[in-house]
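# Structural features, examined
Letter by letter, the chains look like this.
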Amino acid sequence: MIIAVDADSADTVGAEHVLHDLLESVTGPVVACTHVVPGGHLAVSISTPGDFDQAALTHDVGSAIIRPGAAEPDVAGPSQLVRGAYVAAVETALGTAGRLVAFPGQENARGTLTAAELRARCGIDQVEALGGLAVDDTTLVDTRDYIRPIRRNSRVVLLVQPAAGGVLIPFELEHQQKCCADH
């Protein structure tokens, strides 16, 4: 089952808050993502083989729920938000986009791991360094105990960047400083 919700979140903090509230209504393992949708805001999605308590959805959000075997999603809510939820649901169903917030193997991304260990333990399909840096099985990645991979072309991709000490670190750090925050 895929549950997608557009609550018109302006940033990842707001979207992740919506996502964590929804996760309380889901049973079973999950893959939870944020999605940039038309209009420049964020929607969220959860993919799970478990159950979902629809009472968790409020009337002020757009939702799109794809049940196994259904030809089309069930949609509800204000029309301007249903569109964003629908986009998130389709991206999740196809595996084409989304920023993973919760996923199987996430708990194993602790400390410094090789790219091969990240793939074997953490559900990562590919480790990709920004700027075209080469990444092989022995490349060290200091996870800083936090990773936020993305989905691209049905693959889970962890974007990394160079850091001091000759290791790579995740591109998205746990505590981001907003661009231009100091001026």
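This report concerns the structure included in the present document.

What counts, and at which threshold
Residues numbered from 1 in each chain as written. Predicted model: local features only at pLDDT ≥ 70, side-chain atom pairs only at ≥ 80, totals over all residues. Heavy atoms only, no water. Salt bridge = Lys/Arg side-chain N within 4 Å of Asp/Glu carboxyl O. Helix = DSSP H or I, 4+ residues; strand = E, 2+ residues; numbered from the N terminus. Buried < 20%, exposed > 50% of the residue type's maximum accessible area, 1.4 Å probe, protein only. Core = buried A, V, L, I, M, F, W, Y, C linked by side-chain atoms within 4.5 Å. Contact = heavy atoms within 4.5 Å.

### A look at the pattern of salt bridges
- Under the definition given, this model contains seven salt bridges.
- In this structure, Arg99 and Glu16 form a salt bridge, with 2.5 Å as the shortest nitrogen-oxygen distance. Within this pair, whereas Arg99 is found in strand E6 (residues 99-102), its partner Glu16 is found in helix H1 (residues 12-23), the two being separated by 83 residues in sequence.
- Of the charged contacts in the structure, one is a salt bridge between Glu16 and Arg148, with a shortest N-O distance of 3.8 Å. With a gap of 132 residues between them, Glu16 in helix H1 and Arg148 in the loop between strand E9 (140-142) and strand E10 (150-152) connect regions that are remote in the sequence.
- In this structure Glu16 comes out as buried when scored by relative accessible area, which is 14%.
- Since its relative accessible area comes to 12%, Arg148 is described here as buried.
- Salt bridges sharing common partners tie together Glu16, Arg99, Arg148 and Glu172.

### Digging into the nonpolar core
- Core analysis: the biggest nonpolar cluster contains 19 residues, and Val5, Leu22, Val44, Ile46 and Phe52 have the highest contact counts within it.
- Among the elements of the structure, strand E1 (2-9), H1, strand E3 (41-47) and E6 are those that each provide at least two residues to this core.
- Take this core: its biggest share by element is five residues, from H1.
- Apart from residues no more than four positions distant in its own chain, Val44 is found in contact with Ile3, Ala4, Val5, Ala15, Val18, Leu19, Leu22, Cys33, Thr34, His35 and Ala88.
- Counting 18 residues, the second largest nonpolar core, distinct from the first, contains Val31, Phe103, Ala109 and Val160.

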